[in-house]
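Understanding the architecture of this molecule
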Amino acid sequence: MGRLGLGKRFVGLAAQLDGVFGVDGVFAHDRLRFVDFVDDVEELLEKVSRQEGRDKKAADGFEEYMLRHYRG
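What counts and what doesn't
- Residues numbered from 1 in each chain as written.
- Predicted model: local features only at pLDDT ≥ 70, side-chain atom pairs only at ≥ 80, totals over all residues.
- Heavy atoms only, no water.
- Helix = DSSP H or I, 4+ residues; strand = E, 2+ residues; numbered from the N terminus.
- Buried < 20%, exposed > 50% of the residue type's maximum accessible area, 1.4 Å probe, protein only.
- Contact = heavy atoms within 4.5 Å.
- Areas by Shrake-Rupley, 256 points an atom, 1.4 Å probe, with all protein chains shown as cover.
- Phe/Tyr/Trp six-rings, centres within 6.5 Å; stacked < 30°, edge-to-face > 60°.
- pLDDT = per-residue confidence, 0-100.
- Core = buried A, V, L, I, M, F, W, Y, C linked by side-chain atoms within 4.5 Å.
- Axes fitted to C-alpha atoms, helices over the stretch in contact; angles between N-to-C directions.
- Parallel < 35°, antiparallel > 145°, perpendicular 65-115°, else oblique.
- Left-handed = near helix turned anticlockwise from the far one by under 90°.

1. What about the overall build of the protein?
- A tally of helices and strands in the protein yields 3 helices and 0 strands.
- Listing each helix as α and each strand as β along the protein from the N terminus yields α-α-α.
- Across the 72 residues that make up the protein, the buried fraction comes to 24%.
- When contacts within the protein are restricted to residue pairs at least 6 apart in sequence, those whose partners lie at least 24 apart make up 34%.
- Accessible surface computed for the protein: about 5700 Å², of which carbon and sulfur atoms make up 51%.

Take a look at the structure:
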């Protein structure tokens, strides 16, 4: 993200996602429900959209797409 010039937009993102993935990089279902994780990420994307001067609708559909494709 830093190499793309977007580092400022994602300050604290790692801290917000800390503990969501195990050391092996696999989503930790026992720590957080996947639907809650996807909702949180969509909110972060909406925030970035606003910071970029775009409407939060730029992130619309993310949650639905993720749940449809990865919910299992």
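2. Here we look at the environment of Glu 64
- Tracing the backbone through its elements, the reader meets Glu 64 in helix α3 (residues 62-70).
- Owing to a relative accessible area of 53%, Glu 64 belongs among the exposed residues under this scheme.

3. Digging into the packing of aromatic side chains
- By the definition in use, this model includes 5 aromatic pairs.
- Here Phe 21 and Phe 27 contribute two aromatic rings whose centre-to-centre distance is 5.8 Å and whose plane-to-plane angle is 80 degrees, an arrangement assigned as edge-to-face.
- For Phe 21, a relative accessible area of 35% translates into the label partly exposed.
- Note on Phe 27: relative accessible area 11%, which makes it buried.
- Relative to Phe 34, the ring of Phe 27 has its centre 5.5 Å away and its plane inclined at 90 degrees; by these criteria the two rings are edge-to-face.
- Taken together, the ring pairs connect Phe 21, Phe 27, Phe 34 and Phe 37 into an aromatic cluster.

4. What to know about the confidence of the model for the protein
- Within the protein, residue pLDDT values average 77, and 74% of them lie at 70 or more.
- Least confident of the elements in the protein is helix α1 (residues 13-17), whose mean pLDDT is 68; most confident is α3, at 86.

5. Observations concerning the nonpolar core
- Counting residues in hydrophobic clusters, the biggest one holds 8 residues: Val 20, Phe 27, Phe 34, Phe 37, Val 38, Val 41, Met 66 and Leu 67.
- Counting residues per element, the ones that place at least two in this core are α2 (34-51) and α3.
- For this core, the leading source of residues is α2, giving 4 residues.
- Apart from residues lying up to four places away in sequence, Phe 34 is in contact with Phe 27, His 29, Met 66, Leu 67 and Tyr 70.

6. Regarding the packing of α2 against α3
- The interhelical angle for the contact between α2 and α3, taken along N-to-C directions, is 150 degrees, at an axis separation of 9 Å. Put simply, α2 runs roughly antiparallel to α3. Where α2 crosses over α3, the two elements pack in a sense that is right-handed. In contact with Phe 34, Val 35, Val 38, Asp 39, Val 41, Glu 42 and Leu 45 of α2, α3 contributes Phe 62, Glu 63, Met 66, Leu 67 and Tyr 70.

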